[in-house]
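Take a look at the letters that make up each chain.
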Amino acid sequence: MKFSATIYLKGTEESFLAVEMYKEAFGLSLGYNLSYEDPEGLRQWGFDIGDDYVPQRGYFHADLVRGNETLFSVSAEGDYGVPHEVKFIELGMQMDSKEAVEKAVSVLSGGTQAPSDEGWNPYTAGVTDPFGVYWVVYI
């Protein structure tokens, strides 16, 4: 059994920016993905985009991976008609070192937060990223 999670964002540009931020924050790589910059890929997936389609930055689907393991995915909300009504989501990311926690928290918070002792973990931080996702990053 494997758990998977997808973060749906309001638009294609947000999906692009989020993927770039999460790659930097958590040291991840882009795995399987379908970009809105790839008209042929979209057609193969059954999108009726017409001949006048203008490619745009962003992802219909983007897996973020470490090694061979997909940790989570990012998609633009409109792709599946998922309503953007979730009031709160928390995702936890365990890192390998204090330095990795510091980097992730700095990237996610725009440099405005630092890790601290939260009681249950001596080096952790709770931070809401620019896309409204609340992350608990810890060692």
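The following paragraphs examine the structure supplied in this document. Predicted model, so just to flag it, every value in this text is computed and none were measured.

1. Notes on the sheet that holds strand β5 (residues 90-94)
By definition, the strands of a sheet pair up through backbone hydrogen bonds, in either a parallel or an antiparallel sense.
Phase 1: Ordered in space as β5-β7-β6, the three strands form an open sheet in which the pairing is mixed. Each end of this open sheet is capped by a strand with a single partner; those strands are β5 and β6 (124-128). In this sheet, adjacent strand axes meet at a mean angle of 20° when their direction is disregarded.
Phase 2: In terms of strand pairing, β5 meets strand β7 (residues 134-138) through five bridges, oriented parallel. Across the sheet, leucine 91 pairs through a bridge with tryptophan 135, a residue of β7.
Phase 3: Contacts from helix α3 (residues 98-109) reach β6 and β7, with the element oriented near 160° to β7.

2. Some details on the packing of aromatic side chains
Phase 1: The final tally for this structure, using the stated rule, is eight aromatic pairs.
Phase 2: Ring centres of phenylalanine 72 and tryptophan 135 lie 5.4 Å apart, and the angle between their planes is 50°; on these two criteria the pair is classed as tilted. One end of the pair, phenylalanine 72, is in strand β4 (residues 69-76); the other, tryptophan 135, is in strand β7, and 63 residues separate them in sequence.
Phase 3: For phenylalanine 72, a relative accessible area of 5% corresponds to the buried category.

Calculation rules
- Residues numbered from 1 in each chain as written.
- Predicted model: local features only at pLDDT ≥ 70, side-chain atom pairs only at ≥ 80, totals over all residues.
- Heavy atoms only, no water.
- Pairing = 2+ DSSP bridges.
- Helix = DSSP H or I, 4+ residues; strand = E, 2+ residues; numbered from the N terminus.
- Axes fitted to C-alpha atoms, helices over the stretch in contact; angles between N-to-C directions.
- Contact = heavy atoms within 4.5 Å.
- Phe/Tyr/Trp six-rings, centres within 6.5 Å; stacked < 30°, edge-to-face > 60°.
- Buried < 20%, exposed > 50% of the residue type's maximum accessible area, 1.4 Å probe, protein only.

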